[in-house]
Amino acid sequence: MTITTTSKPGWQVVLLGAVSLGPALIAFLPLTMRSVWYLSAEQNQPFLSEGRVLWFLVSFTIAFAPFFGAIVALLSVRAAGRGWRGATQIAAWWACGLGLVALAAAGLGGGGF
């Protein structure tokens, strides 16, 4: 007979998860708004090449990757049997890593609108 107890993550782990999304939050607005503006404005249609449209779609996707990555990591690690504390720490690492990738992509893309 096995008894499993699930403990909720402590405030330190929740704080780590929130702080790890910092780079993603910084990169989110430039990556999404720039892509949406360039692809939706009619005056930009003559300047949109296939490569530029592809880059804007990829950068739009990169903006959401840290948030989806953190959710998938949290759920998959939790489903694998680890506790909330361990799952939240692993999700925080994934969110931070993908957030830094998003931040680098925002820097490469010009970073502004």
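Throughout what follows, the structure given in this document is the object of discussion. (Residues numbered from 1 in each chain as written. Predicted model: local features only at pLDDT ≥ 70, side-chain atom pairs only at ≥ 80, totals over all residues. Heavy atoms only, no water.)

### Examining the overall build of the chain
Scanning the chain from N- to C-terminus turns up four helices and zero strands. Beginning at the N terminus, the succession of helices and strands in the chain can be written as α-α-α-α. Here the chain, with 113 residues, has 31% of them falling under the buried criterion. For the chain, contacts bridging at least 24 residues in sequence account for 72% of all contacts bridging at least 6. Counting only carbon and sulfur atoms, one obtains 72% of the accessible surface of the chain, whose full area is about 7300 Å². (Helix = DSSP H or I, 4+ residues; strand = E, 2+ residues; numbered from the N terminus. Buried < 20%, exposed > 50% of the residue type's maximum accessible area, 1.4 Å probe, protein only. Contact = heavy atoms within 4.5 Å. Areas by Shrake-Rupley, 256 points an atom, 1.4 Å probe, with all protein chains shown as cover.)

### Some details on a nonpolar patch on the surface
A cluster of nonpolar side chains, namely L54, W55, V58 and L108, defines an oily patch on the protein surface of about 410 Å² accessible area. Counting residues per element, the nonpolar patch draws most heavily on helix α3 (residues 50-79), which supplies three residues. Along the chain, V58 falls in helix α3. (Patch = residues over 30% accessible without salt bridge, like charges linked within 9 Å, V, L, I, M, F, W, Y side chains within 5 Å. Salt bridge = Lys/Arg side-chain N within 4 Å of Asp/Glu carboxyl O.)

### Some remarks on the packing of helix α2 (residues 22-40) against helix α4 (residues 84-108)
A pair of packed helices is characterised by two quantities: the angle between their axes and the separation of those axes. Viewed as axis vectors pointing N to C, α2 and α4 meet at an angle of 35°, and their least axial separation amounts to 8 Å. Judged by the sense of rotation from one axis to the other, the crossing of α2 with α4 is left-handed. Where α2 approaches α4, its residues P23, A24, I26, A27 and L31 are matched on the opposing element by G99, L100, A102, L103, A105 and A106. Here the contact of α2 with α4 is composed, by residue class, of 10 nonpolar, one polar and no charged. (Axes fitted to C-alpha atoms, helices over the stretch in contact; angles between N-to-C directions. Left-handed = near helix turned anticlockwise from the far one by under 90°. Nonpolar A, V, L, I, M, F, W, Y, C, P; charged D, E, K, R; others polar.)

### Considering α3
Its 30 residues place the ends of α3 41 Å apart at the C-alpha level, agreeing with the 44 Å of an ideal helix rising 1.5 Å per residue. Helix geometry: α3 is bent most strongly at A65, by close to 40°, with proline P66 lying one to four residues after it. In this fold, the buried residues of α3 make contact with α2 and α4. Trailing α3 by a residue or two, G81 shows a phi angle of about 110°, which is positive. (Expected span 1.5 Å × (residues − 1). Bend = angle between axes of the 7 residues up to and from the residue.)

### Things to note about the nonpolar core
Residues A27, L31, A63, A102, A105 and A106 constitute the largest nonpolar core, which totals six residues. The element best represented in this core is α4, accounting for three residues. Those residues in contact with A63, other than ones at most four positions away along the chain, are F28, L31 and T32. (Core = buried A, V, L, I, M, F, W, Y, C linked by side-chain atoms within 4.5 Å.)

### Some points on the environment of R82
Considering the arrangement of structural elements, one finds R82 in the loop between α3 and α4. Beyond its immediate chain neighbours, meaning those up to four positions away, R82 contacts V77 and I90.

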